[in-house]
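Inside the fold
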Amino acid sequence: MTLDPIHVENIARLAYGIAGDVDTTDHDDLAERAWRDWLPELRRDGRVVIEPVGDHERRLAPIDDAALAERPFETVHGLDSGTINPTTFKNGLVVDVAHAAMASEPTDLDLHRDRTIVATVHAGDSTADFDGDWTERDEGHTRQRVLHAPRVNRYAEGVVHALALYLAEGTHALDHADEVDDLLVLDGPIYPKELFTWDDRNPELGALAREAKPRAVVEKYVRLVERFVERDVPLTGFVKNPSGGAIVRALARAGVEPPWPDDTALFTRLLERRADPDRPADEGFGRGDAGRRGDRLDDAITFTTWFHSRGGADATMAADGDALGIERELDPELYEPTFTVVYDPRTDVTYKLEAPYAFTRDPDTRDRLTRQVLAEVATTRGPPEAVAKADELARIDATEKAALRRKFEERFDSDQQATYDDLRWDKARF
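Residues numbered from 1 in each chain as written. Predicted model: local features only at pLDDT ≥ 70, side-chain atom pairs only at ≥ 80, totals over all residues. Heavy atoms only, no water.

**Comments concerning the environment of Phe303**
Note that Phe303 resides in strand S12 (residues 300-304). Relative accessible area serves as the criterion here: at 7%, Phe303 is assigned to the buried category. Residues Phe303 and Leu205, spaced 98 residues apart in sequence, show a C-alpha to C-alpha distance of 36 Å. Phe303 has contacts with Glu57, Arg58, Arg59, Leu60, Ala61, Leu271, Val341, Val342, Thr370 and Leu374, leaving out every residue within four places of it along the chain. (Helix = DSSP H or I, 4+ residues; strand = E, 2+ residues; numbered from the N terminus. Buried < 20%, exposed > 50% of the residue type's maximum accessible area, 1.4 Å probe, protein only. Contact = heavy atoms within 4.5 Å.)

Okay, structure coming up:
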């Protein structure tokens, strides 16, 4: 305990001064205005970056009804990729290892055994070459390779992490695409958006995103969309922690001063229902009576209808985006990301479900995807069961990470580069 009771009390008193300057009812009014006046056709620099796919509505589904409803998809497959996290060694190498797995609901143990493993290496030595071909292990159930990352002066850890993660995930998804009969749900966005944001971080990273290896990683996702369109099987992504800011940035550029740090905070405000004695509990969103926000109502999951998304990282795969120069075999509009936002009041958590427009252009498919995700969230209080299974299969826990890093140290004959935080937080030595 580093704080005495008086210190805790003094810090708590700061909240009174902060709260006195924040009128959350104004936030409700602004959120309603954003929903009503701007989101139906939100523009940035003349481009429409957000617009509804069909209806523009907020809806609710009673939790018990959603949980007991018949699932539109008989089988669901989930896919995830876990990493050991970027690790820097004293010999100058920066390494990350990603491990992808696919799960199904109902369970398919043979499928669960299959894995794709990628180790990505960054080296300061321009003469080094670590690239390797795909090899098979475990009687063909594991495919693995080493990828030598392009050289960068900065952000080496971010580069090896993104390339390992997305190459493993995209490869595993393509290799097992034909095993998905009804629905595939990626754990996260439908595209490798971290690569798409490199332009915003640094000109060197922006140029790197268009080099052969990063483009090859992105191309796997483009081909994945095409494969699933060809097979008429929906492909989606369940984003557990959405953090995009394309909407609030577009509002700011339009002269609005948004009080929300990101788009998720805005949608949470729009979808959260509060008690109001002047209207039935199953109607309305936003603040309660006389401008006061009452108790949160938690009897129903709330959600939006679907939107096109062409701003921020999604601009790369918009119809007027260049997809990093990758050839698209279908109409470019069909690759555009679309999304719906789902809010679970029991946990006060907001999720996003993404899908290419190739699937959501059909009203029946939109409805089936929406009903599926509502049923899953209502039942699990979290992600779809297949995604949770894939997350469990792909996760590399702390003990395993330590053991793997120790193996790398032995093979490299070089220790991991330690930091003061390792000592401060008593991080296990490898």
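Now that the structure has been shown, we can carry on.
**Describing the nonpolar core**
Residues Trp198 and Phe228 are the most contacted members of the largest nonpolar core, which totals 50 residues. Going through the elements one at a time, strand S6 (94-105), helix H5 (156-175), strand S10 (184-187), helix H6 (193-196), helix H8 (203-208) and helix H9 (212-231) are the ones with two or more residues in this core. Per element, the largest residue contribution to this core is 12 residues, and it comes from H5. The contact partners of Phe228, leaving out residues within four places of it in the chain, are Ala177, Val180, Leu184, Val233, Pro234, Leu235 and Phe359. (Core = buried A, V, L, I, M, F, W, Y, C linked by side-chain atoms within 4.5 Å.)

**Observations regarding the packing of H5 against H9**
Close contact between H5 and H9 brings their axes to 9 Å; oriented N to C, the two are set at 30°. One element, H5, and the other, H9, form an angle in the roughly parallel class. Relative to H9, H5 is oriented so that their crossing is left-handed. On H9, the residues touching Leu163, Tyr166, Leu167, Glu169, Gly170, Thr171, Ala173 and Leu174 of H5 are Pro214, Val217, Lys220, Tyr221, Arg223, Leu224 and Arg227. Per-class residue counts for the contact of H5 with H9 are nine nonpolar, two polar and four charged. (Axes fitted to C-alpha atoms, helices over the stretch in contact; angles between N-to-C directions. Parallel < 35°, antiparallel > 145°, perpendicular 65-115°, else oblique. Left-handed = near helix turned anticlockwise from the far one by under 90°. Nonpolar A, V, L, I, M, F, W, Y, C, P; charged D, E, K, R; others polar.)

**Some words on the pattern of salt bridges**
Under the defined criterion, the tally for this structure stands at 37 salt bridges. A salt bridge links Arg210 to Asp322; the nearest nitrogen and oxygen atoms lie 2.8 Å apart. Taken together, the residues span a long stretch of sequence, with Arg210 in the loop between H8 and H9 and Asp322 in the loop between strand S13 (307-309) and strand S14 (337-344) at a distance of 112 residues. We classify Arg210 as partly exposed; its relative accessible area is 39%. Judged by its relative accessible area of 38%, Asp322 is partly exposed. For the salt bridge of Arg274 with Glu272, the shortest nitrogen-to-oxygen distance reads 2.9 Å. On the basis of relative accessible area, Glu272 is assigned to the buried category, the value being 7%. Through salt bridges with shared partners, a single ionic network connects Asp187, Lys240, Asp391, Glu392 and Arg395. (Salt bridge = Lys/Arg side-chain N within 4 Å of Asp/Glu carboxyl O.)

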